[in-house]
Amino acid sequence: MAIMIAIFVVVMFTCAALTVDLGNAWARKRAVQRQVDISALAAGHLLPMTDTNRSTILAEVASYLEENVVVGQDPVTAGALANGATADGEVIFQDSRGLGCLVDCAQMTVVAPEADVAFGLAGIIGATGTSVQRSASVRVVSALPPASKMIPFWLPNGCGYGSALADTSGGSTTSAPAPSPTPTASSTPTTSPSSTSTPTATASAAPVGAAPDIEVGGHTLTGASPIAAASGSSFEISGYQISNIPNNTDRASIRLYSPDRSRYIDYAAQSPGRGALQVPPFTVGTEVTAAAGDWTAYALLADKGTGDLTISSTSLVVQVQATPSPSSPSPSPSPTATQTSASAAPTSVPVGCVGQARGNFGQLDSPRREGSSTQTRLARNIASGLDHQLVPFAFAPGDEVKDCGRTSQGFISGAQPDTSSLDGRNCIVGDTGNDGPAIMDGFVQGVDSVRGRLDASLPGARTTCSGRADVSVGGVSVNNDVLSCFLRNGATLDRLAQATGVDATMLDPRVVDSPRFVWLPVVYATDRAQKDFQPIYDFVPGFVTDETQSAAASPANGLEVNGNSVKTLTVFTFNKAALPIDEQAATTVFDQKAQQSIVRLVD
């Protein structure tokens, strides 16, 4: 009997030891997990890891691990998190797929230092303690606009922010590409004599010999020149200024001509004031850097009344080198014979928001789950938004930007053409003529028992702007909001239309609840009249209104109708940085240009 009691006592104490000490270890493990989760999420906003912020991320993680230190851990340092030993904690950087990464890493795994747990009662069975360690992985992703706010129109990536006009001609007119300006022998750019400052362009000779439909204007373009860029790279151009802009100018943009003058691409289109325009920074990618040589930049103006184009009397140079360029610009070589003698018209259609006789953006043909005809699905996509999630096309670094291809001819690698109603489509196809009656149905009259997007009888669709009221369009009472009534803290529409310096304090978050608030896909367009699927570059927020930086909305307020058809659709696009980030938004692989990023705990 005594032996049985002794055995029972040993078993009882063993169970108690296991219960108490293992329970203590389990609780410590939970504490360590909480510590590492907090630290990873708190430092995750610094992702992606680059050459310049790696040490900052390590220091931030170490700081949060120390602030949330767990009993049994040794002190944590940033150096220990990068020494390759996991026992004292470690930060491991990875790409979006969770693979090892050295630069531009969108994900990281934080391993907490070991926390020692000393056993008490378990000592009677020879167990002195254990160590617990946990990890957490976070990834930075890009937020996507809700499909319900995405309307079936697209903008080319050469467009700047501001008022954009839909193509409403029904395909009856076209805008022929303008012939290339032909530089004279005196057009070699000169640079500042100081080797310590960024060279600023003096006047290159006027592009004489241009065709009559692209006359030389009185305006000038100044800025850094030459700018050196490596082949296959992406880079930002800033500091360009257009001067002597006449007061009847509707649009200004920067046009880059290829070295052989066979094509041109427009960037940074703006609605300028009179006098001078400080061109906002804009990104140039492989659509330019795939072709080595001297690209020539001009300022292009479009007249407000006639739409006639004039080109600047001065030009700047962007040098694309076949090998990586030095960090500072080097003088441009003299133009080659090809550059000075070429006079054939470029073959590309301009992709910017100027030079277009048929508006700034085009109609999008996107499928729906319920099928329906082209006209009906256009109207449904306007009224309800797309019924599936589009995503940007991710070209690999150094890849040439090109169209996605055609159904009959095959698609490029990575293409997900928008041929079926499935999330993740990254290539869309346009329709060069807009359907005025279908647009009218989508915005006003409704289709298939679905009310028009602006129908004020929809829940929450009534006009909320002070001093404004719903208006009747085609016999339907529609919302009549304007974007300016949502401005806050002294912000202006002009500030919203800037590429930098925009933040979420400038707009009332309720702007997204207005039925006039929409999103548009932006494409890598090289020819807005082509029939291929085009890769999605990004998405831009807009507001259906003809209000501009300098003029109040007209009675039509962005939706001018003619009978049962929309004659003119105008949308004011602006920088998405003015919008709050929806933490519950759908997301995609991180893209720096997408601006709105979210840090997610992935493991």
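Residues numbered from 1 in each chain as written. Predicted model: local features only at pLDDT ≥ 70, side-chain atom pairs only at ≥ 80, totals over all residues. Heavy atoms only, no water.

1. A closer look at the pairing of strand β19 (residues 316-321)
Across the six residues that make up β19, a large majority, six, are buried. By the alternation rule, side chains of β19 split into Leu 316, Val 318 and Val 320 and Val 317, Gln 319 and Gln 321, which are all buried. Bridge count between strand β10 (residues 227-230) and β19: four bridges; the pairing is parallel. Across the sheet, Ala 230 pairs through a bridge with Gln 321, a residue of β19. As paired strands, strand β17 (residues 293-303) and β19 are joined by five bridges and run antiparallel to one another. The partner of Asp 294 across the bridge, within β19, is Gln 319. (Buried < 20%, exposed > 50% of the residue type's maximum accessible area, 1.4 Å probe, protein only. Helix = DSSP H or I, 4+ residues; strand = E, 2+ residues; numbered from the N terminus. Pairing = 2+ DSSP bridges.)

2. Some thoughts on the pattern of salt bridges
Per the counting criterion, the structure on display carries eleven salt bridges. Where Lys 567 meets Glu 560, a salt bridge forms, and the shortest distance between an N and an O atom there is 3.9 Å. Of the residues examined, Glu 560 reaches a relative accessible area of 36% and is grouped as partly exposed. A cluster of three or more residues bridged by salt bridges with shared partners is formed by Arg 368, Glu 370 and Arg 380. (Salt bridge = Lys/Arg side-chain N within 4 Å of Asp/Glu carboxyl O.)

3. Focus: the side chain of Thr 314
Relative to the elements of secondary structure, Thr 314 occurs in the loop between β18 (309-311) and β19. Judged by relative accessible area, Thr 314 falls into the buried class, the value being 6%.

4. Description of the sheet that holds strand β9 (residues 220-222)
The sheet built from three strands is open, its strands ordered β9-β12-β15 with antiparallel pairing. Among the strands making up the open sheet, the edge pair consists of β9 and β15 (275-278). Sheet twist, expressed as the average angle between the axes of neighbouring strands with direction ignored, equals 20°. (Axes fitted to C-alpha atoms, helices over the stretch in contact; angles between N-to-C directions.)

5. Notes on the confidence of the model for the chain
Per-residue confidence for the chain gives a mean pLDDT of 80, with 77% of residues at or over 70. Across the chain, the element-wise mean pLDDT spans from 27 in helix α4 (residues 337-341) up to 98 in strand β26 (residues 476-478). (pLDDT = per-residue confidence, 0-100.)

6. Brief notes about the packing of helix α5 (residues 374-384) against helix α6 (residues 436-445)
With their axes 7 Å apart at the nearest point, α5 and α6 run at an angle of 35° to one another. Note that α5 runs across α6; the crossing there is right-handed. Touching Gln 375, Leu 378, Ala 379, Ile 382 and Ala 383 of α5 are Pro 437, Ala 438, Ile 439, Asp 441, Gly 442 and Phe 443, all from α6. Across the contact of α5 with α6, the residue classes tally to eight nonpolar, two polar and one charged. (Left-handed = near helix turned anticlockwise from the far one by under 90°. Contact = heavy atoms within 4.5 Å. Nonpolar A, V, L, I, M, F, W, Y, C, P; charged D, E, K, R; others polar.)

7. Quick word on the environment of Val 141
On the secondary structure map, Val 141 appears in strand β5 (residues 135-143). For the pair formed by Val 141 and Ala 106, sequence separation is 35 residues and the distance between their alpha carbons is 7.6 Å. Setting aside residues up to four positions removed in sequence, Val 141 forms contacts with Thr 587, Thr 588, Phe 590, Gln 596, Ser 597, Ile 598 and Arg 600.

8. A few points about the state of the cysteines
All chains considered together, the criterion is met by three disulfides. The disulfide bridge from Cys 404 ends at Cys 427, spanning 2.1 Å between sulfur atoms. Taking the sign of the S-S torsion, about -75° here, the bridge from Cys 404 to Cys 427 comes out left-handed. Remark: Cys 427 occurs in strand β23 (residues 427-428) and Cys 404 occurs in the loop between α5 and β21 (405-406); sequence separation between them is 23 residues. For Cys 404, a relative accessible area of 0% corresponds to the buried category. Sulfur-sulfur distance for the disulfide between Cys 465 and Cys 485 comes to 1.9 Å. The sign of the S-S torsion, about -50°, decides the handedness of the disulfide formed by Cys 465 and Cys 485: left-handed. Linking Cys 465 in the loop between α6 and β25 (471-473) with Cys 485 in the loop between β26 and α7 (493-496), this pair joins segments that are 20 residues apart in sequence. Classification of Cys 485 as partly exposed rests on a relative accessible area of 27%. (Disulfide = S-S within 2.5 Å.)

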